[in-house]
Every structure is written in C-alpha cells, then in structure tokens.
Amino acid sequence: MNVTHKIIWNGLLLLLVFVTYKSSLVLGVPSKLKGAYAQETKGDFTSDEYFNGKAQAKFDRLSQQNFFGHDLWVTLHNEWDYRIWNHLNVHEVVVGEDGYLFEQSYIDNLYGIHRFAQMERLEERKENIVFTDSLLKTKSKQLVFLLMPAKSFLYPDKISGYKNEFVPDKHIHDDFLKFAKANEIKVLNFLDYFQNHKLGHPAFPKQGIHLSKYAETMVLDSLLSFLEAETALDLYDYEFTDIEMSQQPRGRDDDIGQVLNLINPIPLTEELAYREFKFNRVDTLNTPDVLVIGDSSFWGIYPNISNYYLFGNHEFWYRKNEMFSIDITTQMYTDPQICLASIEKFDYVFIMINNTDVDFVGWNYFEKVKSEFLKGLE
Amino acid sequence: MVFSSTTFLIYFLPIFLLVYQWLPSNRIKNVWFLSTSIFFYAWGAPKFVFILLASTIIDFFLVKTLHDSEDSGKRKRFLILSLCLNLGLLAYFKYANFFVENAQQLLSSLGFETFTWVKVLLPIGISFYTFQTLTYSIDVYRRKATPLKNVSDYLLYIMMFPQLIAGPIVRYNEIAQQLTDRKILSHSQLQGFFRFSMGLFKKVIIANTLGSVIEPYFSNIEALNPGMAWVVIFGYAFQIYFDFSGYSDMAIGIGKMAGFKFPENFNSPYISSSITEFWKRWHMTLGTWMRDYLYIPLGGNRVNSKGRLYFNLSFVFLMSGLWHGASWNFILWGIFHGLFLILDRLFLSNFLKSMPKILSVWLTFMIVTLSWVIFKIEDLSQAYLFYQKLFTFSNFEIYNVGGGAMIAFALSIIFGFSALTKIGKKCEIFLLKDHQKLGFVLLKTSSSLLICWVCLIELTTSSFNPFIYFRF
C-alpha cells in the first residue's frame, strides 16, 4: 500500500511541476485576449525594485497572466459568470434587457449620481470657456460644442431595473446647455436630436458603446451641413448607396461585445443599417480649417474627414492631449502654446463631448489657452 | 509571498516539494527547507529578513548559554535577556508608533510641543515569530525541553515558511523532536495536500468572495442601511474565519507534506455555546499560549479572590487584543471578550447552558459577530456609527450582493455550522483523517487537484486577493 501511495504522491508532484514548467514557457508571451489591460512583460528588475516590493508584485502579475492555459481559463470564467450570474468581467460593463450592453458610469449619470460633484467641476471651467470663446470671437473664429448622447439616455428602458430607479428631471448637460445659451456659445445638440427623432435604424448597436455607423454618418452629415450653412457656400456633394441591413456588426458596432472574451458570444439579434457613402469636397479653396477636440466618439467620424480632406487644415486632439492629423506622422502631444496657437490656426474649434462627461469639457483646453494667453501679457 | 498568490502556487510550492521529496535525509531536507523559508520571507519583507536572522541567531546562543548554566541567577539573567530581545523587537516594530502617537496627542492636549517621529514599518509575521521564540526560551528555562544543537535547526523552527507569517503558533516542545527525527509517509503527504487545498478553497472561494463584496461598505458606513449593516458584519464574521482558518489549513497541510505535524488552530468556533467555549475553538494555539505562558503564571484560576481571577482574565484578554494590533480598537476588542469571559463565570455560561443548544450557539455567534465591528473598524467613531446602524430598526432593505457572494454565504453557513450536526461532525472527521485506503486516497487526491485548479483559475482570472491576518 505504501508503494502505491508513494507512486500517487510522486505522480502528483510531477503534475504540479509540469504546470510550473508549462507556465514558465509562456512567461511574458502576450495574451490573445481582447480588450485593453496592462500586460506585464518579462524583464530584469533592479535591487531597488526588489527592496520596495515592486519586483515581487510585478512577478505576481506576470505569473497570473501567464498561468498555463490562462486565456482559456479567463474565457471559461467569464462564461460561467455571464451564464450563471449575468455578470460580465469587463470594467464597468453591465448587461441590460434584451442583450443591451451599457457602461455603468453612463447609467449612474442617468440616475443623477455624482451630479453635484460634476456641477462643481463644470463651474470651475465656465470662466475659462467664456474667455476662450471671447478670444475666438475677437478673431472672427467660432467655438462649437457637439453634445453627443450616451447610450443610457437613448435606451433607458433597456437598463435592468430602470423602472424602479429615480431619474432626475435635470442632468449635468442641462446645466451646461443653460450656461452655453446664456453666453451665446453654439451647441450642436445631438443628444436632443437622437432623443426626439425616431430613426429608422438603431442609433446605438446593442453591443456597442459608441453611436452606430448609421448614426455616425448622420452626425458627419450634420457637421458638413453646419459648415455649409455657416459659410453660405456649397462646399460638399454627397454620394450615398442604398442602405444594406446586416446582423453582422461592422467597425466599432460591437466594440463591447468583442471584448467580453466569452466562449459563446452573446447572440446578435438586431439588424444594423449600413450604407456606403462618400462626401466630396467641391470647394477646395474655401473649406474652413477645423480643430476637433473630442473623445472616442469622434474616431468613427475622423477617417472620413481625414481620408477625403473634408476640412481645410484639420487636426483632431484626442481627449487630453494626443494630436492626430493627416500631416502628423509621429506621436505628438498638445501643450499650452499649441493650444493658444490653435486660436489663430483654425476657423472653427469643435469640442465634442458626451452628455455625461460635460464636466470634463475640453479636457483642459480652455484652461491652457487662458493661462498661456495671460502668460503672454506678463 | 502569500499562499494564495500565483507565484507561490505555480512556482514556489511545486519546486519546494519536488526537491524536498528527492533529498535523501532529514538533515539535508532541513537545509533546503530553511533556505526556501528565508527566500519566502525575503520575497515579502526583504528589508527585515536580516533583522529576523540576526535576532534568531543571537537568541539561539542566549538560550544555549542559559541551558548550559547550572547557576539559577545566570539562567534567569539570560532568560531576561532573551525575553528583552524578542519582546523588544515586537515592542519597537509593532507598538512604537502607537505609543508615540498617543504620547504626542497627550503632549499636544497639555499644550506641550510635539516631536517628529519617523513611522516604523511592521515586519510581517513578527507577532507569531515572537511568540514562538518566547516558547523556546521559556520551555528551555523551565527544563521542559532541551535546546537544539544546531543553530540552523533553530532557524528552521522559527522561520519555517508554512507557519512563519500567520501561524499556527507552534510551541517548541511540540515540534522539537520532529525537527531532527521525523518520518515522512506518503499517505500523510497526500492528506497534507488535501488539507492544503481545503484551506485554499476557504481562502480563495469563500473569504475572498465575501471580502470583495463587503469591503467597499466599510469605507462608506454613513450610506449603510441597518439591513445591509447586518449583511456586511455577518459577511465579515465569515470572511475572517475562513480567511484565517483557511490559512491555518494551508500551513498545516504544507507541514504534513514536509513530514511535520502542526497543532490545530480552529475547531468550528462558530458552534460554540459560550464565549469561554469560543476561545477554546478559535485560534487555539494563541489561546493555549496565552493560558500557559501568561494566565497560569499570573495565578490562573487558583487565586484567593474572585477579583484577582477577573483581573487575570481581563489582563490576558487585554494583552490578546493588543497582540492582534497596536490600536485602541484591538484593545477594546480584547476587553470586550475579557468582559464576556467574566460574565460567563458570573452567570452567562449557566444561563446559556439552560437554553436549547441552537439558541445558545446563536447568541454566542451574535456576541462574537458584534465584537468583529470593533476589530475591523480602527476609527472608533466609525465603529460607533456602525453599531448605530445595526441597531436602528428602520430600513432593512438588502441590496443584491451578487450570486457569487450568495454562494459564499451559503457555503459559510454550511461549513461554519455543520459540526453542530452528527453528519457534519462525521464529515469533518472524514476530511481531517489520514486515510490509507486507496479508494479514499484517490478520492481525496483527485478532489484536491480539482479544488486547486478551480482556485488557480479564480486567482489568475480575478485580481482581488488580500489576506486579513497579515497585520497581526
């Protein structure tokens, strides 16, 4: 009997060491899981890192991410959590009714959570916004806010438990709109548009967090129409094909769905609308120079503007400070000087902002413009 | 390094066990065990490992000199030196901040100027380390045990990684012989692996799951309603039990795999029908340590007056509270338990005995659960607020804590109270027994593998993994 026990024990040890061996083989090999998360890389660590515990923490994370069969276990774990508890292991993402996916922060905003803190933050920005707007106006330039909708505001009835929640009459974007109106600052209110116009096709896909490609086309169309109306020029013509219906999402239309890392993905049960379109710039001399400062919502629109040269001089500043343009080939970041120079450089400054994030409007653009301007006066 | 980290489970433990298994003699196995233990401690506390090594070596020679001497005065002096060294380290690293901060507050309130003080960092496991070194000095002084011949064996006794960080507190006389002469049996090793996996399951699946749900509520007590306050404190009662007993199971299991027999630390404490019984079932190695090295030397039960008896009880539990942490809430927690032990002696124990068992168990569980509030919340004003929430009988709305937490609660109740029933007791005996029958061995080994696998998946796919008991 003792020999049998010994064989079992030694077999067990060999099995444990086999897992060690297999895990060590993939240490530092990048994971194939989808989504954004910090992946540890294999590398030397210094004695300083060892004595302050950073090296150990790093190795712990590395060994976690490279456990033998890690990607498979993650998908199995996710599948279990979703099928049994209806819980998704993606930061902030929750499942609503009929397979609609939402980000929790957008839902919180619909319920008015954090509104007072948001109002305080917005209050701090107002003076700088007015200052920048005045500065632009003195140069005959225009500041335009593009107020974009959050999914939770367009599909509240698809949020689980929505009917039992208290929803305030006013939200932070209402405070913002009131402020813009009082100061005669232009706002293109896409939130209002999508809330109050019944579209033939979904404005948000079930498994996406951004506007559908169909709705993005409408936004782009509106932007170009706005410029034509403002300049009183015929700047563009359009080529549209028929609408093609598809259950297979294209582009970012299932951007959340793609990062769920499930074995059996949530079925796609809606028809999304797609149409090929092309905007041509017919007036190559008078199209205005436009700076867009926006969040990821603009990524769906940017390629069309960039590829077809729809604006004159054009730059897109992504959130805090990353700069993109057809002319920028290396990674560039804004600074206060670049911000102030934009006042001279562009005819229009479009600030694209989600209605739940208006307290972060401009991501410090206005503050930088003002501080740099005042610095120049000293 | 913690037992529920992937570094430990995937790399450290398999390599340790494999090499340990194939080394030929206990002597060489001890060298390997000591080296890996130093590595284990240095991984988590690289700055303190040298202090620990130095103080242990000095203590070894102090106790050796004490033992070799026949002069009772000299023996006493060396005992005092050894105690001063070990208690001095504990006092400095664990209590200096507490006393200095309180002294500063006192000085400030009296209008004196305060002084600057650089906070001392707490080395992990120092409370357990100190208690073990004390048993060595005292047991040798009392001639209850002979000292070890080699300093490396002593270092192994103190630094043995399974019990170094969070116990159980292994007394010298319980392990002295095993250090040099132990028989390693495969069926016992397999049972050790099973015990380890049980502990891992308690820690990862039950304690961590409960912790991840209840922890955020402690940082926003104002927003708690009474219903949720009860859910949270029951959750904490189970979390701390499964966290700590899980760790003890893992330590005992690793000890078994290496051929050592460590003392048990928990015996279904939540089925106690009085606080006195609770302390015979909860953290048993601390309880018996306190009894043998503090309570009995103070006179224990054999004192002339009841007043003295109550003083002894209060003092021991005050010290027990202070041992858990250098802060007022732990002192209050110790006093709380000391008070209930005195009440037990006065009338409570008899009163509880007169009740149906289920009721006395429930009442004891409630008393213990209420004590966890002051144990958990360091800020006494917040603890007071938490008690207010518990006893405000207005809103018992309970939020959805998630399916995982519901299962963890259900498992907590099953495993926490199963020993109350005959079948539960039988199951417990079955789980803890060293089986030799092949069928049982295979059943336990395969279920251990499955449990470890599930825990590893849980650990590698979720990041929340703190231990509670490392502060002590």
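Rules and cut-offs
- Residues numbered from 1 in each chain as written.
- Chains lettered and ligands numbered in written order.
- Predicted model: local features only at pLDDT ≥ 70, side-chain atom pairs only at ≥ 80, totals over all residues.
- Heavy atoms only, no water.
- Helix = DSSP H or I, 4+ residues; strand = E, 2+ residues; numbered from the N terminus.
- Expected span 1.5 Å × (residues − 1).
- Bend = angle between axes of the 7 residues up to and from the residue.
- Buried < 20%, exposed > 50% of the residue type's maximum accessible area, 1.4 Å probe, protein only.
- Patch = residues over 30% accessible without salt bridge, like charges linked within 9 Å, V, L, I, M, F, W, Y side chains within 5 Å.
- Areas by Shrake-Rupley, 256 points an atom, 1.4 Å probe, with all protein chains shown as cover.
- Salt bridge = Lys/Arg side-chain N within 4 Å of Asp/Glu carboxyl O.
- Pairing = 2+ DSSP bridges.
- Contact = heavy atoms within 4.5 Å.
- Axes fitted to C-alpha atoms, helices over the stretch in contact; angles between N-to-C directions.
- Buried area = accessible area lost by both parts, 1.4 Å probe.
- Polar contact = N/O pair within 3.5 Å; in protein donor to acceptor, adjacent residues only side chain to side chain.
- Nonpolar A, V, L, I, M, F, W, Y, C, P; charged D, E, K, R; others polar.
- Core = buried A, V, L, I, M, F, W, Y, C linked by side-chain atoms within 4.5 Å.
- Domains from an automatic or database assignment.

Caption draft 1: Geometry of helix α6 (residues 115–138) of chain A. Residue and element names in this part refer to chain A. Over its 24 residues, α6 runs 34 Å from end to end, which matches the ideal 34 Å to within 8%, given 1.5 Å per residue. Along α6, the largest kink reaches about 35 degrees and is centred on arginine 125. Inspection of α6 places Arg115, Gln118, Leu122, Arg125, Lys126, Asn128, Ile129, Thr132, Asp133, Leu135 and Leu136 among the buried residues, and these make up the whole buried set. One or two residues past the end of α6 sits serine 140, with phi positive at roughly 60 degrees.

Caption draft 2: A nonpolar patch on the surface, seen in detail. All names here are of chain A. A contiguous nonpolar patch, built from Leu15, Phe18, Tyr21 and Leu25 and spanning about 400 Å² of accessible area, is present on the exposed surface. Structurally, phenylalanine 18 is set in helix α1 (residues 2–25). Given the relative accessible area of 40%, phenylalanine 18 is considered partly exposed.

Caption draft 3: Focus on the pattern of salt bridges. Applying the stated criterion across every chain, the model contains 24 salt bridges over all chains. One salt bridge connects A:Asp175 with A:Arg115, and the closest N-O pair in it is separated by 3.0 Å. Taken together, the residues span a long stretch of sequence, with A:Asp175 in helix α8 (residues 172–182) and A:Arg115 in helix α6 at a distance of 60 residues. A relative accessible area of 19% means that A:Arg115 is categorised as buried. Between B:Lys425 and B:Glu428 there is a salt bridge, with the nearest N and O atoms lying 3.4 Å from each other. Here B:Lys425 pairs with B:Glu428, and both are found in helix α18 (residues 422–432), just three residues apart, close to one helical turn. On the accessibility criterion, B:Lys425 (31% relative accessible area) is partly exposed.

Caption draft 4: Geometry of the sheet that holds strand β13 (residues 348–354) of chain A. All names here are of chain A. As summarised here, the arrangement of the seven strands in space is β4-β3-β13-β9-β10-β11-β12, forming an open sheet in which the pairing is mixed. The sheet terminates laterally at β4 (186–189) and β12 (332–333), the two strands that pair on one side only. As paired strands, strand β11 (residues 322–324) and β12 are joined by two bridges and run antiparallel to one another. Paired with glutamate 322 across the bridge in β12 is tyrosine 333. The sheet contacts of α6 involve β3 (142–148) and β13, and relative to β3 the element is tilted by about 135 degrees. The sheet contacts of helix α13 (residues 365–377) involve β3, β9 (290–294), β10 (314–318) and β13, and relative to β13 the element is tilted by about 140 degrees.

Caption draft 5: Broad picture of the interface of chain A and chain B. Counting from both sides, the interface comprises 32 residues of chain A and, opposite them, 38 residues of chain B. Counting the surface lost from both chain A and chain B, the interface buries some 3500 Å², and carbon and sulfur atoms represent 74% of this. Together, A:His5, A:Trp9 and A:Phe67 form the three largest contributors to the area buried by chain A at its contact with chain B, with a combined 19%. Across the chain A-chain B interface, the total number found is 11 residue pairs in polar contact (both at pLDDT 80 or more). Here the residues of the side of chain A that touches chain B are counted per class, giving 19 nonpolar, 11 polar and two charged.

Caption draft 6: Just helix α14 (residues 328–353) of chain B, in detail. In this model, α14(B) (26 residues) spans only 33 Å end to end at C-alpha, well below the 38 Å of a helix rising 1.5 Å per residue. Its axis deflected by about 75 degrees at B:Asp344, α14(B) carries its strongest bend there.

Caption draft 7: Quick peek at the nonpolar core. The biggest cluster of nonpolar side chains holds 166 residues, and the ones touching the most others in it are B:Phe8, B:Tyr270, B:Trp282, B:Trp372 and B:Phe386. Here the element with the most residues in this core is helix α10 (residues 226–257) of chain B; it accounts for 20 residues.

Caption draft 8: Structural view of the domain arrangement of chain A. Assigned domains of chain A: these are domain 1 (1–26 + 40–67) and domain 2 (97–377). For domain 1 of chain A versus domain 2 of chain A, the distance between C-alpha centres works out to 47 Å.

Caption draft 9: View of the domain arrangement of chain B. All names here are of chain B. Once the domains are mapped, chain B shows domain 1 (6–181) and domain 2 (187–471). Using only C-alpha atoms to locate each centre, domain 1 and domain 2 end up separated by 25 Å. Contacts between domain 1 and domain 2 engage 38 residues on the former and 40 residues on the latter. A buried area of about 3400 Å², summed over both sides, lies between domain 1 and domain 2, and 71% of it is on carbon and sulfur atoms. When the buried area of domain 1 at its contact with domain 2 is split by residue, Phe98, Pro168 and Arg171 rank highest and sum to 17% of it. Summed over the shared surface of domain 1 and domain 2, the result is one salt bridge. Across the pair arginine 171 and aspartate 292 runs a salt bridge whose closest N-O atoms are separated by 2.7 Å. Here domain 1 is connected to domain 2 by 12 residue pairs in polar contact (both at pLDDT 80 or more).

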